[in-house]
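# Geometric and topological summary
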Amino acid sequence: MKIAIDTSPIEGKSSLQHRVRGTGFYTKNLIESLQKYDSKNAYTFFNRGETLPAARLPAGQGRQELPKDIGIVHYPYFEPFFLTLPVFNENPFVVTVHDLTPFVFPQNFPIGIKGKLKWQIQKLALKKAKRIVTDSISSKNDIIKYAGIPENKIDVVYLAAGDKFRKLKIENLKLKIARKYDLPEKFALYVGDVTWNKNLPRLVEASIKADVPLVMTGKTLLSTDFDKDNPWNQDLVKVQKLSEGNKNIIRIGFVSDQDLVVLYNIAAVFVMPSIYEGFGLPVLEAMSCGCPVVTSREGSLTEVAGDAAFYVDAYDVDSISDGIRKVFSDTRLRKELSEKGIVQAQKFSWKKTARNTIDTYKYILER
């Protein structure tokens, strides 16, 4: 079987580059895992509408066009308000839809007339897919509800943390990273974007109320050149205003994966009280590193965290604050959550992700 995978999310000039940590992480790890665990199928890679530099492809792969004898095309990304899928596709194709969060909370993600038009085009293209892969049961239910896709056409394939996310011996690393980013001795950690569903204004308020230093990573957090009147950016405006002049709210922006692994290892607690998630990869990364997790029960988060997290009410600042304070100050609880988290994270692997994705390809070809 010959399978072509669109590598647009890991192409530097792609319109999807702003989501590289999520969509790009998935695309890169999926390609590497399929090549590692699948010896029966042949894979080729293309960048829809652009020429892909060979350096962006996995080792040993050169610049390639989409061959005509392809059995399946896999688009490992989907953006409802961008034209990321071709309306006309000669080959049977699979699409990975990570989440449809903006449709769950339309009042918080206004899309406008152009957005509505693009969604109708994208939805038409999506319905032509032979199979749809998604990250969680929660996202599967949203695809059924908002895109009108039959349940039996959707496969849930869980993600996993990268191999680099693991528990480390941190004595020297802690001092190095603390100096590099001017960090306090003990802190809570947040990793991610600043979209409305991330619930960051409440997180910042809760951290201030708990009197716990909060270190926040994510490129957007330090952005200055953005439309402050755009409804999608209002939480970023609020977070920047709340953290201004507060030494306990430390926004360090983008960090490399290497530094991020150390941050997970040295943080007293990882906090992500999201209002909604299609998966919640940072929760799994934190658990893989032995970092105790405080999160909410919204969206897919209970699917990912199981019984290995301390759960709070995403809509209640006091609940979030109490959760942060309790885990931050309780050594025994942190140890318990750390141990449970490592066990929980081991339930997810890229080997499983690859094999379940291959099962989706097989299903299409057999029919």
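Look above for the structure.
A short tour of the structure in this document, coming up. Worth saying up front: this structure is predicted, and the values here are computed from it rather than measured. (Residues numbered from 1 in each chain as written. Predicted model: local features only at pLDDT ≥ 70, side-chain atom pairs only at ≥ 80, totals over all residues. Heavy atoms only, no water.)

### Points about the pairing of strand E11 (residues 293–296)
Here E11 shows two buried faces, one formed by Val293 and Thr295 and the other by Val294 and Ser296. Pairing geometry for strand E10 (residues 269–272) and E11, over three bridges, is parallel. Looking at the pairing, Val271 lines up with Val294 of E11. Following the chain from E10 across helix H9 (residues 281–288) to the adjacent parallel E11, one finds a crossover that is right-handed. (Buried < 20%, exposed > 50% of the residue type's maximum accessible area, 1.4 Å probe, protein only. Helix = DSSP H or I, 4+ residues; strand = E, 2+ residues; numbered from the N terminus. Pairing = 2+ DSSP bridges. Right-handed = clockwise from strand over helix to strand, strands pointing away.)

### Notes on the layout of surface pockets
Of the volumes computed, that of the second largest pocket is approximately 330 Å³. As for the second largest pocket, its lining consists of 20 residues, of which Asn265, Ala267, Ala268, Pro292 and Arg334 are closest to the centre. For the lining of the second largest pocket, the leading source of residues is helix H12 (residues 331–345), giving four residues. Among the residues forming the lining of the second largest pocket, the class breakdown is 10 nonpolar, four polar and six charged. (1 Å grid on protein atoms, 1.4 Å probe; cavity = no way out; pocket = protein on both sides within 12 Å on 5 of 7 lines; lining within 4 Å. Points joined across faces, edges and corners; volume = space filled by probe spheres on them. Nonpolar A, V, L, I, M, F, W, Y, C, P; charged D, E, K, R; others polar.)

### Section: the packing of aromatic side chains
Tallying each qualifying case throughout the model produces 18 aromatic pairs. Taking the centre distance of 5.8 Å and the plane angle of 80° together, the rings of Tyr75 and Phe93 count as edge-to-face. With Tyr75 in strand E3 (residues 72–75) and Phe93 in strand E4 (residues 93–97), the pair connects residues that are 18 residues apart, well separated along the chain. Like Phe93, Tyr75 is buried. Here the aromatic rings of Phe109 and Trp196 are separated by 6.2 Å at their centres, their planes lie at 90°, and the arrangement is edge-to-face. One end of the pair, Phe109, is in the loop between helix H2 (101–104) and helix H3 (112–127); the other, Trp196, is in the loop between strand E7 (188–191) and helix H6 (200–210), with 87 residues separating them in the sequence. For the pair shown, Phe109 and Trp196 are each scored as buried. By the ring-pair criterion, three or more aromatic residues cluster together here, those being Phe78, Phe81, Phe103, Phe105, Phe109, Trp119, Tyr146, Trp196, Trp232 and Tyr276. Between the NZ or CZ atom of Lys186 and the centre of the ring of Phe328, over which it lies, the distance is 4.4 Å. Between the NZ or CZ atom of Arg297 and the centre of the ring of Tyr311, over which it lies, the distance is 4.1 Å. (Phe/Tyr/Trp six-rings, centres within 6.5 Å; stacked < 30°, edge-to-face > 60°. Lys NZ or Arg CZ within 6 Å of the ring centre and 35° of its normal.)

### Let's talk about H12
The end-to-end C-alpha distance of H12 is 21 Å, a good match for the 21 Å that 15 residues give at a rise of 1.5 Å each. Turning to H12, the residues buried within the fold contact H9, E11, helix H10 (301–305), strand E12 (310–312) and helix H11 (317–329). The opening residue of H12, the one whose side-chain oxygen lies 3.1 Å from the backbone nitrogen of Arg332, is Asp330. (Expected span 1.5 Å × (residues − 1). Contact = heavy atoms within 4.5 Å. Polar contact = N/O pair within 3.5 Å; in protein donor to acceptor, adjacent residues only side chain to side chain.)

### A look at the environment of Leu126
On the secondary structure map, Leu126 appears in helix H3. Sequence-distant contacts of Leu126, that is, excluding residues within four places in its chain, are made with Phe78, Leu85, Val95, Val97, Ile132, Ala147 and Ile149.

### Concerning the sheet that holds strand E8 (residues 214–217)
With parallel pairing, six strands are arranged side by side in an open sheet as E9-E8-E7-E10-E11-E12. Pairing within the sheet leaves two strands with one partner each, and these edge strands are strand E9 (249–253) and E12. Strand after strand, the sheet turns through a mean of 25° between neighbouring axes, direction not considered. With three bridges joining them, E11 and E12 adopt parallel strand pairing. From the neighbouring strand, Thr295 faces E12, where its bridge partner is Tyr311. (Axes fitted to C-alpha atoms, helices over the stretch in contact; angles between N-to-C directions.)

### As for the nonpolar core
Of all hydrophobic cores here, the largest spans 88 residues; its most connected members are Leu183, Leu189, Met216, Leu263, Tyr264, Phe270 and Val283. It is helix H8 (residues 257–266) that provides the largest number of residues to this core, a total of six residues. Once residues within four sequence positions are removed from consideration, Leu263 is found in contact with Ile177, Leu183, Phe187, Leu189, Thr217, Ile252 and Val255. (Core = buried A, V, L, I, M, F, W, Y, C linked by side-chain atoms within 4.5 Å.)

### Brief notes about the side chain of Asp142
Among the secondary structure elements, Asp142 is positioned in helix H4 (residues 137–147). Nearest to the buried, unbridged Asp142 among oppositely charged side chains is Lys145, at 6.5 Å. Residues within four places of Asp142 in sequence aside, it is in contact with Leu100, Val104, Ala147 and Tyr276. (Lys, Arg positive; Asp, Glu negative; His and termini not counted. Salt bridge = Lys/Arg side-chain N within 4 Å of Asp/Glu carboxyl O.)

### What about the sheet that holds E4?
Spatially, E2-E1-E3-E4-E5-E6 is the arrangement adopted by the six strands of the open sheet, whose pairing is parallel. The outermost strands of the open sheet, each flanked by one partner alone, are strand E2 (42–46) and strand E6 (154–156). Within this sheet the neighbouring strands show an average axis-to-axis angle of 25°, counted without direction. Examined bridge by bridge, E4 and strand E5 (residues 131–134) share four bridges and lie parallel to one another. Among the inter-strand pairings, Thr96 is bridged to a residue of E5, identified as Val133. Contacting strand E1 (2–6), E2, E3, E4, E5 and E6, helix H13 (residues 350–366) crosses the sheet at an angle of about 140° to E3.

### Describing the packing of H6 against helix H7 (residues 234–243)
One can describe the packing of H6 onto H7 by two numbers: an axis separation of 8 Å at closest approach and a directional angle of 20°. As far as their axial angle goes, H7 and H6 are roughly parallel. The crossing of H6 and H7 is left-handed. Of H7, the residues touching H6 (which contributes Leu200, Pro201, Val204, Glu205 and Ile208) are Asp235, Lys238, Val239 and Leu242. Here the contact of H6 with H7 is built from residues that sort into six nonpolar, no polar and three charged. (Parallel < 35°, antiparallel > 145°, perpendicular 65-115°, else oblique. Left-handed = near helix turned anticlockwise from the far one by under 90°.)

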